[in-house]
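Notes for the structure review
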Amino acid sequence: MPEEEGHTCPHCGSAEAIEIVYGLPSPEMEAAARRGEVLSGGCLCHGDERDHRWCCRSCGTAYGGVGQEPLVHYLSIEDCFIKDE
């Protein structure tokens with residue numbers, strides 16, 4: 001669950017979220033993504049507080065960036081994890 005108390009998805013109201021981590025993932029970060037602990041947000045980002053911080057596990061909405069509108073259905077929940085090939 002997100003660190004902030006009372007933090008909920010602005011689209012569906014769920015408190016079930018996964019942190020979005022940006023940049024080239026290390027082996028440890030890939031393992032955390034496989035376990036469903038974080039979401040790899042990719043390498044293209046602002047690199048500041050504007051980037052979305054959370055992805056809702058219930059509806060896939062990305063949210064939490066300063067001045068950013070939520071991205072409704074940003075990902076399907078199946079896309080929230082790195083999969084073994």
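Residues numbered from 1 in each chain as written. Predicted model: local features only at pLDDT ≥ 70, side-chain atom pairs only at ≥ 80, totals over all residues. Heavy atoms only, no water.

Counting its regular elements, the protein chain contains one helix and four strands. Here the protein chain, with 85 residues, has 31% of them falling under the buried criterion. Long-range pairs, those at least 24 residues apart, make up 43% of the contacts in the protein chain with a sequence separation of at least 6. (Helix = DSSP H or I, 4+ residues; strand = E, 2+ residues; numbered from the N terminus. Buried < 20%, exposed > 50% of the residue type's maximum accessible area, 1.4 Å probe, protein only. Contact = heavy atoms within 4.5 Å.)

Our next topic: the environment of L71. Summarising the element assignment, L71 is placed in the segment after β4 (62-63). Classification of L71 as partly exposed rests on a relative accessible area of 37%. When neighbours within four sequence positions are excluded, L71 is seen to be in contact with H52, G60, T61 and A62.

So, about the sheet that holds strand β1 (residues 17-22). Spatial ordering of the open sheet is given by β2-β1-β3-β4, a layout of four strands whose pairing is mixed. Every other strand in the sheet has two partners, leaving β2 (38-42) and β4 as the edge strands with one partner each. With four bridges joining them, β1 and β2 adopt parallel strand pairing. By the bridge assignment for β2, V21 is matched with S40. (Pairing = 2+ DSSP bridges.)

Tracing the backbone through its elements, the reader meets I20 in strand β1. I20 sits 31 residues away from D51 along the chain, and the two C-alpha atoms are 9.0 Å apart. Ignoring sequence-local partners within four residues, the contact set of I20 consists of L39, G41, H52, R53, W54, C55 and A62.

Right, let's get into the environment of P10. In this fold, P10 is placed in the segment before β1. Taking the C-alpha atoms as reference points, P10 and C56, 46 residues apart in sequence, are found 9.3 Å from one another. Residues within four places of P10 in sequence aside, it is in contact with Y63 and P70.

Take the state of the cysteines next. Taken as a whole and assessed by the stated rule, the structure comprises zero disulfides. Of all cysteine sulfurs, the one in C59 lies closest to C9, which takes part in no disulfide; the gap is 3.7 Å. Residue classification places C9 among the buried residues on the basis of a relative accessible area of 3%. (Disulfide = S-S within 2.5 Å.)

Let's shift gears to the pattern of salt bridges. Taken as a whole, this structure holds two salt bridges when the rule is applied. Linking E30 and R34 is a salt bridge whose minimum nitrogen-to-oxygen distance equals 3.9 Å. Of this pair, E30 and R34 both sit in helix α1 (residues 27-34), four residues apart, roughly one helical turn. The shortest N-O distance in the salt bridge between E37 and R35 comes to 2.8 Å. Looking at R35, the relative accessible area reads 54%, which means it is exposed. (Salt bridge = Lys/Arg side-chain N within 4 Å of Asp/Glu carboxyl O.)

That is the geometry; function is a separate question.
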